[in-house]
Amino acid sequence: MRSLVLRLRYFAVLRRSWTEDRIEDSLKVHSSANSLLKKSVLRVALIVEMSGIYGRQILDGIARYQQSHRPWSIFLEQRELRAPPPPWLLSRHWDGIICRSTTTELARDFLRHKVPVVDLNDLYSGLGLPRIWSDMRAIGRLGAEHFLERGFRQFGFCGFKDEKWSTERGEG
């Protein structure tokens, strides 16, 4: 039973960033949010990879949010993680963009075009965009607590070199 509770706590940490309040708060940061709230159908581009489970869970959370709120006209194409943005992204008018592969250059373009963006990247911080990400140190602590509660005193962490999210999990 304790293992199930731990798994549920782990997924709560992963998914807590996708609460309705956080998405709405991120959209309200932009000055154009008031006009967005009056529009009937919002045009939203989703720049999220579908090749991994994390990206698919993000899309699942967005779909659940959309079902419980007013409809969006969504633009999505199959993507890989860290693939460059599609050429059509900045040539069209958007009411919002949810982007997981935000780079410093792309963030500058978003700010220059004054389009509301929710940044989901796990590599760069301080891009000047509203950002949602998981608490990687808390996830690492939960993993360590799991082993400690079972009596393990010696265990290691195997992560990815030069990946900020992995380094933070190891620090947790």
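Residues numbered from 1 in each chain as written. Predicted model: local features only at pLDDT ≥ 70, side-chain atom pairs only at ≥ 80, totals over all residues. Heavy atoms only, no water.

Asks: How should the overall build of the protein be read in this particular structure?
Replies: Along the backbone of the protein there are 7 helices and 4 strands. Shown N-terminal to C-terminal, the secondary structure of the protein runs as helices and strands in the order α-α-α-β-α-β-β-α-β-α-α. Counting every position in the protein, which comprises 172 residues, the buried fraction comes to 40%. In the protein, the proportion of contacts linking residues at least 24 apart, taken out of those at least 6 apart, comes to 59%. When the accessible area of the protein is evaluated, it comes to approximately 10300 Å², of which 55% is carbon and sulfur surface. (Helix = DSSP H or I, 4+ residues; strand = E, 2+ residues; numbered from the N terminus. Buried < 20%, exposed > 50% of the residue type's maximum accessible area, 1.4 Å probe, protein only. Contact = heavy atoms within 4.5 Å. Areas by Shrake-Rupley, 256 points an atom, 1.4 Å probe, with all protein chains shown as cover.)

Asks: It is not clear to me how helix α7 (residues 164-171) should be interpreted in this structure. Could you clarify?
Replies: Among the residues of α7, those classed as buried are S166, E168 and R169. Along the long axis of α7, the arc covered by the buried residues comes to 165°, so they all point the same way. (Arc of directions from axis to C-beta.)

Asks: Can you help me understand the packing of aromatic side chains in this one?
Replies: Going through the model one piece at a time under the given rule, you end up with 6 aromatic pairs. Ring geometry for Y65 versus W72: centroids 5.7 Å apart, planes at 50°, classification tilted. Among the residues examined, Y65 registers a relative accessible area of 7% and is labelled buried. Ring geometry for F75 and W94: centres 4.7 Å apart, planes at 70°, overall edge-to-face. A residue pair is termed long-range when its members are at least 10 positions apart, and F75 in strand β2 (residues 72-75) and W94 in the loop between β2 and β3 (96-99) qualify at 19 residues. (Phe/Tyr/Trp six-rings, centres within 6.5 Å; stacked < 30°, edge-to-face > 60°.)

Asks: When you look at the sheet that holds strand β1 (residues 42-47) in this model, what are you seeing that I'm missing?
Replies: Whenever strands of a sheet pair, they do so through backbone hydrogen bonds, lying parallel or antiparallel. Strand order in the open sheet made by the 4 strands is β2-β1-β3-β4, with parallel pairing throughout. Strands at the two margins of the open sheet, each flanked by one partner only, are β2 and β4 (117-119). Strand-to-strand twist of the sheet, defined as the mean angle between neighbouring strand axes without regard to direction, takes the value 20°. Pairing analysis gives 3 bridges linking β3 to β4, with the strands arranged parallel. Directly across from I97, in β4, lies its bridge partner V117. With respect to the sheet, helix α4 (residues 53-67) is in contact with β1, β2 and β3, its orientation differing from that of β2 by roughly 160°. (Pairing = 2+ DSSP bridges. Axes fitted to C-alpha atoms, helices over the stretch in contact; angles between N-to-C directions.)

Asks: Looking at this structure, how should I read the environment of P71?
Replies: For P71, the location among the structural elements is in the loop between α4 and β2. Since its relative accessible area comes to 45%, P71 is described here as partly exposed. The spatial distance from the C-alpha of P71 to the C-alpha of R43 is 9.5 Å, given a sequence separation of 28 residues. Excluding residues that lie within four positions of it along the chain, P71 makes contacts with S40, V41, L42 and Q66.

Asks: Any chance you could explain the packing of helix α6 (residues 136-149) against α7 here in plain terms?
Replies: Helix-helix packing is described using two parameters, namely the angle between the two axes and the distance between the axes. Two elements in contact, α6 and α7, have axes separated by 6 Å at closest approach and are oriented at 45°. Comparing their axes, α7 and α6 come out oblique. Between α6 and α7 the crossing geometry is right-handed. Along its contact with α6, which presents M136, R137, I139 and G140, the element α7 presents W165, E168, R169 and E171. (Parallel < 35°, antiparallel > 145°, perpendicular 65-115°, else oblique. Left-handed = near helix turned anticlockwise from the far one by under 90°.)

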